[in-house]
Amino acid sequence: MTIRLYDQDARLLHFTATVRTCQQKDEHYLVTLDQTAFFPEGGGQGADHGTLAGVHVLDAHDVDGEVLHLTDGPLTPGEQVEGQVDGARRLSMMQQHSGEHIFSGLVHKLYGYDNVGFHIGSEAVTMDFNGPLTEEDVRRIETLANEAVWANLPVETTIPPKEERERMTYRSKKALSGDVRIVNIPGVDTCACCGTHVAQTGSVGQIKVLSVQKYKSGVRVSILCGVRALAQENEMLDQVHRAAVALSVKQSEVADAVGRLLAERDALRAQCDGLGVRIFEMLAKQEENKAVRVVACDALPASQARRAAGQLCAGARLGLVLVPREGGWSFACSSETEDVRPVTRKLCEAFGGRGGGPKDMTQGVLGAADVQAIRALLEQA
């Protein structure tokens, strides 16, 4: 069994150990040590990275009580090696995991919900709770969680005797046996956990909620803590600053300015669509004495093609509306008296397209083709 030095001191980054085994796995190696400060992936927390005698530790996993270190180079069994854990990654993991304890503990304390899913991801820390929380509830928890950070409470880690543990009330996702590691933050949370944590809540730095969304019967809350929260806030502030410069407004006015732009866009889009319909109607008038009517109109919104085809075919054998698209045409074909499906198949076979629909109205796409060639095929059909 590997002695886990991180259980004794989560701040330990440098250590000496003896190599027990080294087995090649594809282009990498699986190394076991008599003791390690590398935390193996587990409980929603990713593994530590770093080096062993100069070779890189890329991952670590717990297999039957042994910590398997995935390295990019071999080590010799029996030799003594120096290990160095990536301090920045370890600190971030401790901040995220400790912040999750604070947030989940407060949710359990105030609302009675359990955290049934937890993961420290590359973009955010996600927590799944088995009960509903409103945006207002989540913001309330965020404030209380940060107050716990500012209070700089101790984060106590113990492995209590079974008799003492049976008298304790603590959070756990499953029934546990044997030695159980308990993490306690006074007045905030008591939870069974194998992860690494800061010694004082103040080291979490801050807890920032990124989003809350419905998930199964409860909610999924995404947060970031400490250095990762600061980096995210700086990135978001930079985005707001650039938007403010582009819009020539103050940063506090960006949302209102974007709202105005969207309203202007929608008004212009409606105006443009109206003009497109009018242009189509002018082109359709030129076809009114023909039995087969074909109108190609790049100003017509594609969403209006079906309605336009219905208008175009009134009093004719059939009507075909063409709207340019990349590499060809979108089309709508309609008739008041004929089944347009056979002619649609001929169009698609002749010009490399696809389409379908009921007998009085088909829609689809065609490849690049001359409008007159399309008209000639329809007139011969």
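As the structure is a computational prediction, the values presented were derived from the model and not from experiment.

S.K.: Which parts of the structure should I look at to understand empty space enclosed by the protein?
M.R.: Sizing a probe to match a water molecule and rolling it over the atoms shows the empty space that remains. Summed over the entire model, instances satisfying the criterion amount to 1 cavity of 30 Å³ or more. Volume-wise, the largest cavity comes out at about 40 Å³. As for the largest cavity, its lining consists of Val277, Phe280, Leu300, Gln304, Arg307, Ala308 and Gln311. Those elements that provide at least two residues to the lining of the largest cavity are α6 (254–285) and α7 (305–312).

S.K.: Would you mind going over the pairing of strand β8 (residues 80–85) with me for this structure?
M.R.: It is a general feature of regular strands that their side chains alternate between the two faces of the sheet. Of the two faces of β8, only one is covered, namely that formed by Val81, Gly83 and Val85; the face formed by Gln80, Glu82 and Gln84 stays uncovered. As paired elements, strand β5 (residues 50–52) and β8 share 3 bridges and run antiparallel to each other. Bridge assignment links Thr51 to a residue of β8, and that residue is Gln84.

S.K.: Looking at this structure, how should I read the packing of helix α2 (residues 87–111) against helix α3 (residues 135–150)?
M.R.: When two helices pack together, their arrangement is given by the angle between the helix axes and the distance between those axes. Relative to each other, α2 and α3 sit at 120 degrees, their axes nearing to 9 Å. Between α2 and α3, the angle falls in the class oblique. The two elements α2 and α3 cross, and the hand of that crossing is right-handed. Between α2 and α3, the contacting residues are Ile102, Phe103, Leu106, Val107, Leu110 and Tyr111 on the first element and Asp137, Val138, Arg140, Ile141, Glu142, Leu144, Ala145, Ala148 and Val149 on the second. For the contact of α2 with α3, the per-class residue count stands at 12 nonpolar, no polar and 3 charged.

S.K.: Which parts of the structure should I look at to understand the sheet that holds strand β3 (residues 28–33)?
M.R.: Note on sheets: strands pair through backbone hydrogen bonds, and any given pair is parallel or antiparallel. Ordered in space as β2-β3-β7-β6-β5-β8, the 6 strands form a closed barrel in which the pairing is antiparallel. In this sheet, adjacent strand axes meet at a mean angle of 45 degrees when their direction is disregarded. Sheet topology places β5 next to strand β6 (residues 55–63); 3 bridges connect them, and they run antiparallel. Paired with Gly50 across the strands is Val57, a residue of β6.

S.K.: Would you take a moment to explain the state of the cysteines for this structure?
M.R.: Using the criterion set out here, one finds 0 disulfides in the structure. Cysteine Cys225 is unpaired, with the sulfur of Cys193 as its nearest cysteine sulfur at 14 Å. For Cys272, which is in no disulfide, the shortest distance to another cysteine sulfur is to Cys297 and amounts to 10 Å. A residue is classified by how much of its surface remains accessible, and Cys272, at 48% relative accessible area, is partly exposed.

S.K.: I tried to follow helix α9 (residues 371–380) on my own but got confused; where do I start?
M.R.: Every buried residue of α9 is listed here: Val371, Ile374, Arg375, Leu377 and Leu378. The arc that holds every buried residue of α9, seen down its axis, measures 160 degrees, which confines them to one face. Turning to α9, the residues buried within the fold contact β16 (292–296), β17 (318–325), β18 (328–334), α8 (341–351) and β20 (361–367).

S.K.: Hey, could you run me through the packing of aromatic side chains in this one?
M.R.: The relation between two aromatic rings is expressed through the spacing of the ring centres and the mutual angle of the planes. If you walk through the whole model with that rule in mind, you get 4 aromatic pairs. Judged by centre distance (5.3 Å) and plane angle (75 degrees), the rings of Tyr6 and Phe39 are edge-to-face. Taken together, the residues Tyr6 in helix α1 (residues 5–8) and Phe39 in the loop between β4 (35–36) and β5 connect sequence positions 33 residues apart. Classification of Tyr6 as buried rests on a relative accessible area of 3%.

S.K.: Mind showing me how you'd approach helix α5 (residues 226–247) here?
M.R.: Because an α-helix packs 3.6 residues into every turn, residues spaced three or four apart end up facing the same way. With 22 residues, α5 extends 32 Å between its outermost C-alpha atoms, agreeing within 8% with the 32 Å of an ideal straight helix rising 1.5 Å per residue. Buried within α5 are the following residues: Gly226, Arg228, Ala229 and Ala244. Angular distribution of buried residues about the axis of α5 spans 155 degrees; they occupy a single face of the element. Exposed and oriented more than 90 degrees from the buried face of α5 are Val245 and Ala246. Among the structural elements, α2, β9 (115–120), β14 (207–215), β15 (218–225) and α6 are those in contact with the buried residues of α5. One or two residues past the end of α5 sits Ser248, with phi positive at roughly 60 degrees.

Reading the values: rules and limits
Residues numbered from 1 in each chain as written. Predicted model: local features only at pLDDT ≥ 70, side-chain atom pairs only at ≥ 80, totals over all residues. Heavy atoms only, no water. 1 Å grid on protein atoms, 1.4 Å probe; cavity = no way out; pocket = protein on both sides within 12 Å on 5 of 7 lines; lining within 4 Å. Points joined across faces, edges and corners; volume = space filled by probe spheres on them. Helix = DSSP H or I, 4+ residues; strand = E, 2+ residues; numbered from the N terminus. Buried < 20%, exposed > 50% of the residue type's maximum accessible area, 1.4 Å probe, protein only. Pairing = 2+ DSSP bridges. Axes fitted to C-alpha atoms, helices over the stretch in contact; angles between N-to-C directions. Parallel < 35°, antiparallel > 145°, perpendicular 65-115°, else oblique. Left-handed = near helix turned anticlockwise from the far one by under 90°. Contact = heavy atoms within 4.5 Å. Nonpolar A, V, L, I, M, F, W, Y, C, P; charged D, E, K, R; others polar. Disulfide = S-S within 2.5 Å. Arc of directions from axis to C-beta. Phe/Tyr/Trp six-rings, centres within 6.5 Å; stacked < 30°, edge-to-face > 60°. Expected span 1.5 Å × (residues − 1).

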